[in-house]
Amino acid sequence: MPIKPWICRGSKTIIKDRWINLHADDCELPDGTKISPFYVNTIPDFVVAVAVTTEEEFIFVRQYRHGTRQILLELPAGCMEASDADPKAGAARELLEETGYAGNEPVFLCKVAPNASSLSNFAHCYLITGCRKVREQHLDSTEDIEVVVLSAEETEQLLKDGGLVQAVHVAAMYYAERLLKKNI
């Protein structure tokens, strides 16, 4: 028997502000079972940039993440903005804003759902090669970001040691490594 989607019989906004748009849905499963409430957070898609310099170094950012209450090493990333023509443009913009680096035309790596059970968004991941520092960071008032540039060997060790913990970022690196090895 084929899998069928749930039926949403109603939805109520619980809270909506600049950080969250949480809905409580009244759901019915194909067999008639009711789940109410089922919470879904409707949030914007975001972009992730695996950035490689002209010297074949990888560009990371270090910043505090309140959800885990840790300072994490991550890839440059951020929410799509209305001014972005497409996710590719968003990835280039986020790289430039967070790091001051720019590079070649972004190459699509993957589109992944960070948590399809309760989040509505997707992450659009791109590889940007040939990166060079072209200006200083341009951060908003909520960002405190340190740029970290690692050699290919240091990046490989980082991944082996589990030093990159954001799941979407790990996925982006997986696809980037496959693409980079293919082009060598």
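Residues numbered from 1 in each chain as written. Predicted model: local features only at pLDDT ≥ 70, side-chain atom pairs only at ≥ 80, totals over all residues. Heavy atoms only, no water.

As recorded in an unreviewed UniProt entry, the protein goes by the name NUDIX hydrolase, listed as coming from Candidatus Copromonas faecavium. Note on the protein: under the UniProt heading Cofactor (unreviewed entry), the record states "Mg(2+)". (UniProt positions renumbered as here; feature names shortened; annotations may be inferred.)

A.B. asks: Pulling in residues and values, what's your account of the environment of Lys34?
C.D. replies: One can find Lys34 in strand S3 (residues 34–41). A relative accessible area of 61% means that Lys34 is categorised as exposed. Through-space distance from the C-alpha of Lys34 to that of Glu136 is 53 Å; in sequence the pair is 102 residues apart. At 3.3 Å, the side chain of Lys34 and the side chain of Glu28 are in polar contact. (Helix = DSSP H or I, 4+ residues; strand = E, 2+ residues; numbered from the N terminus. Buried < 20%, exposed > 50% of the residue type's maximum accessible area, 1.4 Å probe, protein only. Polar contact = N/O pair within 3.5 Å; in protein donor to acceptor, adjacent residues only side chain to side chain.)

A.B. asks: Before we move on, could you go through the UniProt feature "domain: Nudix hydrolase" (unreviewed entry) in the protein and cite the residues and values that matter?
C.D. replies: Within the UniProt annotation, "domain: Nudix hydrolase" (unreviewed entry) is assigned to residues 41–172. Within residues 41–172, the helical portion is 21% and the strand portion 37%, while the C-alpha atoms at the span's ends are 23 Å from each other.

A.B. asks: I'd like a rundown of a nonpolar patch on the surface, residues and numbers included.
C.D. replies: Taken together, the side chains of Ile14, Ile15 and Tyr39 define a hydrophobic patch exposed on the protein surface, amounting to about 280 Å² of accessible area. Structurally, the position occupied by Ile14 is in strand S1 (residues 7–16). (Patch = residues over 30% accessible without salt bridge, like charges linked within 9 Å, V, L, I, M, F, W, Y side chains within 5 Å. Areas by Shrake-Rupley, 256 points an atom, 1.4 Å probe, with all protein chains shown as cover. Salt bridge = Lys/Arg side-chain N within 4 Å of Asp/Glu carboxyl O.)

A.B. asks: Quick rundown of the environment of Met173? Include the residues and the values.
C.D. replies: Mapped onto the elements, Met173 comes out in helix H3 (residues 167–182). The exposure class assigned to Met173 is buried, which follows from its relative accessible area of 1%. Placed 65 residues apart in sequence, Met173 and Phe108 show a C-alpha to C-alpha distance of 12 Å. Beyond its immediate stretch of four places on either side in the chain, Met173 contacts Val50, Phe58, Leu75, Thr155, Leu159 and Leu164. (Contact = heavy atoms within 4.5 Å.)

A.B. asks: Before we move on, can you summarise the nonpolar core with the specific residues and values?
C.D. replies: In this structure, Val48, Val50, Phe60, Leu75, Leu109 and Cys125 are the most contacted members of the largest nonpolar core, which totals 22 residues. Elements with a minimum of two residues in this core: strand S4 (46–53), strand S5 (58–65), strand S9 (107–112), strand S10 (123–133), strand S11 (146–150) and H3. Every residue in contact with Cys125, bar those within four places of it in the chain, is listed here: Val48, Val107, Phe108, Leu109, Cys110, Val168 and Ala172. Counting residues in each nonpolar core, the second largest holds seven residues, with Leu95, Tyr101, Ile128 and Cys131 among its members. (Core = buried A, V, L, I, M, F, W, Y, C linked by side-chain atoms within 4.5 Å.)

A.B. asks: If you had to explain the pairing of S4 to someone new, which residues and values would you point to?
C.D. replies: Across the eight residues of S4, eight count as buried, placing the element largely inside the fold. Because side chains alternate across S4, one face comprises the buried residues Phe46, Val48, Val50 and Val52, and the other comprises Val47, Ala49, Ala51 and Thr53, equally buried. In the sheet, S4 pairs with strand S7 (residues 77–79) via three bridges, with the strands oriented antiparallel. Note on S7: the bridge partner recorded for Val47 is Gly78. Bridge count between S4 and S10: seven bridges; the pairing is parallel. Along S10, the bridge assignment pairs Ala51 with Ile128. As paired elements, S4 and S5 share two bridges and run antiparallel to each other. Pairing of Val52 across the sheet is with Phe58, part of S5. Here S4 folds back onto S5, and the loop between the two strands holds four residues, one of which, Glu56, carries a positive phi near 65°. (Pairing = 2+ DSSP bridges.)

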